[in-house]
Amino acid sequence: MNFNTFKRLVSDLPFVLTADLLDRLNKKEMSGRQGLLNQLTRWQKKGLLIKLRRGMYILNEQDRRTTPPRAFLANQMYTPSYVSLEYALALYGLIPERVADVTSVSTKKTARFSNALGVFSYQHVSPAIFRGFRTAKDDQGFNYFIAEPEKAVLDFLYFNVARSRRARDVSMDVFSDSYRFQNVEEIDEKRLLDMAGQYSNPTMRQLGELFCRFKRQQ
């Protein structure tokens, strides 16, 4: 199969999975699974395909008809997961920095994928705290899971503060000076504290209360 034929078959898809391609393509023409893998590798080396992770590809920018947001791809590359931590905080305007890496939380083991679209990192959490996220939609209609603002704050504090030996010494200054939180007026304090209580780490409740005091001073 030549690339133009392949492109016509998949150009409307936001991404393609090796596992699905054998069902869509002529198996004899692709010489089975290994033939397909070899062809995908050749197209990737030519820049016609971008490998997102093992078994998952997207057409190059020129040939694809749609460009899904990286947050959507982050969900699809490692499931179950939702976008959170620094990337979500930046999207909500809760920190001033522009965050390049797409940061997510998953019940699977910690993982990191680097490809032509950027870096996608995933932190592991227990199923008990895999909650507090919602469905968002971009302007093209792609749906993806993202932490609610309160959960993005808590996930960040959990991985950056609560599990540190110095967590008990944290003062309110760290929220403004080190982490540079801003625009926190819309954070729902009750919701944040309720979510903080779901973490098995007892420090999270203390950090939640400290964050609420910081919010009131802004």
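Before going into details, it helps to say that this report is about the structure given with it. (Residues numbered from 1 in each chain as written. Predicted model: local features only at pLDDT ≥ 70, side-chain atom pairs only at ≥ 80, totals over all residues. Heavy atoms only, no water.)

1. Considering the pairing of strand β8 (residues 133-137)
Okay, step 1: Two elements, β8 and strand β9 (residues 143-147), share five bridges in a ladder whose sense is antiparallel. Following the sheet pairing, Arg134 is matched in β9 by Ile146.
Okay, step 2: In sequence, β8 turns back onto β9 through a hairpin of five residues, with Gly141 there showing a positive phi of about 95°. (Pairing = 2+ DSSP bridges. Helix = DSSP H or I, 4+ residues; strand = E, 2+ residues; numbered from the N terminus.)

2. Regarding the pairing of strand β5 (residues 102-106)
Okay, step 1: Counting buried positions along β5 gives five out of five residues, so the element sits mostly inside the fold.
Okay, step 2: Going residue by residue along β5, you find Val102, Ser104 and Ser106 tucked away on one face and Thr103 and Val105 tucked away on the opposite face as well.
Okay, step 3: Two strands pair when backbone bridges link them, and strand β4 (residues 81-83) and β5 are joined in this way by three bridges, in the antiparallel orientation. Of the residues in β5, the one forming a bridge with Ser81 is Ser106.
Okay, step 4: For β5 and strand β7 (residues 118-124), the ladder comprises five bridges, and the chain directions are parallel. Each bridged residue has a counterpart across the sheet, and for Ser104 the counterpart in β7 is Tyr122. (Buried < 20%, exposed > 50% of the residue type's maximum accessible area, 1.4 Å probe, protein only.)

3. Digging into the packing of aromatic side chains
Okay, step 1: Counted by the stated rule, this structure contains 21 aromatic pairs.
Okay, step 2: Considering the side-chain rings of Tyr158 and Phe159, the 4.9 Å spacing of their centres and the 75° angle between planes classify their relative orientation as edge-to-face. This pair shows no difference in class: Tyr158 is buried, exactly as Phe159 is.
Okay, step 3: An aromatic cluster is present here, built from Phe156, Phe175, Tyr179, Phe181, Phe211 and Phe214 joined pairwise through their rings. (Phe/Tyr/Trp six-rings, centres within 6.5 Å; stacked < 30°, edge-to-face > 60°.)

Bear in mind that shape data such as this cannot, by itself, settle questions of function.
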